[in-house]
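Notes for the structure review
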Amino acid sequence: MSEQSGDLRALVEQIAKGLVDAPDQVSVNQVESEQTTVLELKVGPNDMGKVIGKQGRTARAMRTLLSAAGLRFHKRFTLEILE
Amino acid sequence: MPIPDKVAAANRINEFLRGVVAHGGLRLKYRITVDPPLPDERDWERPEVLVELAGPDSPLLLERGAELLRSLELLALEILRLPANEHEKICFDCMNHRALRLEELRMAASVAAERVRKTGAPYEFAPMSSRERRIVHLALRDHPDLRTESQDEGGRRRVVLYPKDYKAASKLASRTIR
C-alpha cells in the first residue's frame, strides 16, 4: 500500500463518519489490485441511506472526489458501499 | 430561518475540507467566511457561510460544470444535515464561478425567450441543479407571454420554457423528442 493512496481510505472514513448517525460502525477497507484501488465502505444498517443519498447523490459526490484525488496519485479509485 | 450556529457550521466545514486537502492531496486552500459582506443590490444567493477555494487545483474543481466544487458543497451540506430549503445558506465558490455561471444562465434564459417567441415552440434547457433551475425561473418570470416549468426527475430535471398559451397536447408530443 503506498502511503499516499492510504490517505484516500482515511478521507472516505472521515467523510462517512461525518455523514452517519453511528460513526463507530463506519469502517473502510482498502483492496489493492494492479490498476485500481477499491475502497470498501461499511456503515451501520440504518446509515446506508446517509452515505448513498437521494438518488445516489452523496455516493456520487464521494466518487467524484475520489477520481479527482486519484488523478493526483495516478491511480483509479473505486468506492463500494457494502451492506 | 438562519442556520442556528453558523460558527459551528463553519468549523465542521473546515474540518471536512482539511481532510480533503490533507488526505486527498488536492492543492487547494480555502477561506470560510460567516455572514460575508454582500452588496445590497445583489439579487441572488445570499449565503450565510461562504467557502472560497483557490490554488493550483482550482481548474479541477471547475471541470465538467464545476462537478467537483458542487460535490464538495453537497458533502458539506449533508454533513451539516441542512434541509434542502436551507441549502442556499452555504455557498462554495472558486474563481468567481458562481457569479459567472449566474450571468451565463441569465444570458441563456434571454436567448431562449427570444427563440420561443420566434418559433412558438417550447425550449428545453439542459438538466440543472435546483439552485440553477431557480435562477432560470426567476430570470424568466417577468415575461408575461411565456411560462416556465420544471420537468422530469432526479439528475434529468430541467426547465422548459413555453409560450404562455401553449397547449398541453402538443406539449406531450414535444416531450417525446429526446
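This is a predicted model, so every value here is computed, not measured.

Thoughts on the domain arrangement of chain B
Residue and element names in this part refer to chain B. You can read the domains of chain B as domain 1 (6-95) and domain 2 (102-177). Computed from C-alpha coordinates alone, the two centres of domain 1 and domain 2 are separated by 28 Å. Both faces combined, the contact of domain 1 with domain 2 buries some 580 Å², and carbon together with sulfur accounts for 40% of it. When the buried surface of domain 1 facing domain 2 is broken down by residue, Trp44, Glu45 and Glu88 rank first, second and third, together holding 61% of it.

Overview of the interface of chain A and chain B
Facing 23 residues of chain A, the contacting portion of chain B comprises 23 residues. Buried surface at the junction of chain A and chain B, summed over both partners, amounts to about 1900 Å²; 63% is from carbon and sulfur atoms. A per-residue breakdown of the area chain A buries against chain B is headed by Gln14, Leu65 and Arg72 of chain A, which together make up 26% of the total. Applying the counting criterion to the chain A and chain B interface returns two salt bridges. Counting every contact that joins chain A to chain B gives six residue pairs in polar contact (both at pLDDT 80 or more). Elements supplying a minimum of two residues to the side of chain A that touches chain B: helix H1 (3-19) and helix H3 (57-73) of chain A. By residue number, the principal contributor to the side of chain A that touches chain B is H3 of chain A, which donates eleven residues. Among the residues making up the side of chain A that touches chain B, the classes are represented as 13 nonpolar, five polar and five charged.

Quick word on unusual backbone geometry
Residue and element names in this part refer to chain A. Residues other than glycine seldom take positive phi values, yet glutamine 55 does so here, at roughly 50°. By the element assignment, glutamine 55 lies in the loop between helix H2 (48-52) and H3. In this structure, histidine 74 takes a positive phi of about 50° despite not being glycine. Mapping histidine 74 onto the fold places it in the loop between H3 and strand E3 (76-82).

Rules of the game
Residues numbered from 1 in each chain as written. Chains lettered and ligands numbered in written order. Predicted model: local features only at pLDDT ≥ 70, side-chain atom pairs only at ≥ 80, totals over all residues. Heavy atoms only, no water. Domains from an automatic or database assignment. Buried area = accessible area lost by both parts, 1.4 Å probe. Contact = heavy atoms within 4.5 Å. Salt bridge = Lys/Arg side-chain N within 4 Å of Asp/Glu carboxyl O. Polar contact = N/O pair within 3.5 Å; in protein donor to acceptor, adjacent residues only side chain to side chain. Helix = DSSP H or I, 4+ residues; strand = E, 2+ residues; numbered from the N terminus. Nonpolar A, V, L, I, M, F, W, Y, C, P; charged D, E, K, R; others polar.

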